[in-house]
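# Fold and geometry: a report
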Amino acid sequence: MMKIWWVTSVFWVIFFTGASVVIGVRNVDGAGVAQTPELKMLAYIILGVFFVVVLVGQLLFLYFVRKRKAV
């Protein structure tokens, strides 16, 4: 189970890094709206909230994996 946790953690790190790079370098989003610094900041905030949700889920998963391993 611990290996699954590591694989998912690496996946999320790669995902969030890639998403941050995409947000940082794009000039126009998928809807054709020009990206101003304010819109980029909003996109980073939304990504950050999603990151916190995923982080809490990963930490809960780690807690239960370690608890199960100790038994």
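Residues numbered from 1 in each chain as written. Predicted model: local features only at pLDDT ≥ 70, side-chain atom pairs only at ≥ 80, totals over all residues. Heavy atoms only, no water.

### Observations regarding the environment of Thr-36
- Turning to its location among the elements, Thr-36 is positioned in the loop between α1 (2-25) and α2 (37-70).
- Separated by 22 residues in sequence, Thr-36 and Ile-14 have C-alpha atoms that sit 25 Å apart. (Helix = DSSP H or I, 4+ residues; strand = E, 2+ residues; numbered from the N terminus.)

### Remarks on the layout of surface pockets
- Computed from the structure, the largest pocket encloses a volume of approximately 150 Å³.
- Trp-5, Ser-9, Trp-12, Val-13, Phe-16, Phe-51, Val-54, Leu-55 and Gln-58 together form the lining of the largest pocket.
- Among the elements that make up the lining of the largest pocket, the one with the highest residue count is α1 (five residues).
- Residues that form the lining of the largest pocket fall into these classes: seven nonpolar, two polar and no charged. (1 Å grid on protein atoms, 1.4 Å probe; cavity = no way out; pocket = protein on both sides within 12 Å on 5 of 7 lines; lining within 4 Å. Points joined across faces, edges and corners; volume = space filled by probe spheres on them. Nonpolar A, V, L, I, M, F, W, Y, C, P; charged D, E, K, R; others polar.)

### Focus: the side chain of Lys-40
- Here Lys-40 lies in helix α2.
- Although Lys-40 is buried, it makes no salt bridge; Glu-38 carries the closest opposite charge, 10 Å away.
- Within the local environment of Lys-40, its side chain forms a polar contact with the backbone oxygen of Gly-24, the two atoms lying 2.9 Å apart. (Buried < 20%, exposed > 50% of the residue type's maximum accessible area, 1.4 Å probe, protein only. Lys, Arg positive; Asp, Glu negative; His and termini not counted. Salt bridge = Lys/Arg side-chain N within 4 Å of Asp/Glu carboxyl O. Polar contact = N/O pair within 3.5 Å; in protein donor to acceptor, adjacent residues only side chain to side chain.)

### Re the side chain of Gln-35
- By the element assignment, Gln-35 lies in the loop between α1 and α2.
- Looking at Gln-35, its side chain comes within polar contact range of the main-chain oxygen of Val-33, at 3.3 Å.
- Other than its neighbours up to four places away in sequence, Gln-35 contacts Arg-26, Asn-27, Val-28, Asp-29 and Lys-40. (Contact = heavy atoms within 4.5 Å.)

### Observations regarding α2
- For α2, with 34 residues, the first-to-last C-alpha span of 48 Å sits near the 50 Å given by 1.5 Å per residue.
- Of the positions making up α2, those classed as buried are Lys-40, Ala-43, Leu-47, Val-54, Gln-58, Leu-62 and Val-65.
- If you follow the buried residues of α2, they end up packed against α1. (Expected span 1.5 Å × (residues − 1).)

### Some points on the nonpolar core
- Counting residues in hydrophobic clusters, the biggest one holds six residues: Phe-16, Ala-19, Ile-23, Ala-43, Leu-47 and Val-54.
- When residues of this core are traced back to their parent elements, those giving at least two are α1 and α2. (Core = buried A, V, L, I, M, F, W, Y, C linked by side-chain atoms within 4.5 Å.)

### Remarks on the environment of Leu-59
- With respect to the helices and strands, the residue Leu-59 is situated in helix α2.
- Judged by its relative accessible area of 48%, Leu-59 is partly exposed.

Honestly, it's all geometry; don't read function into it.
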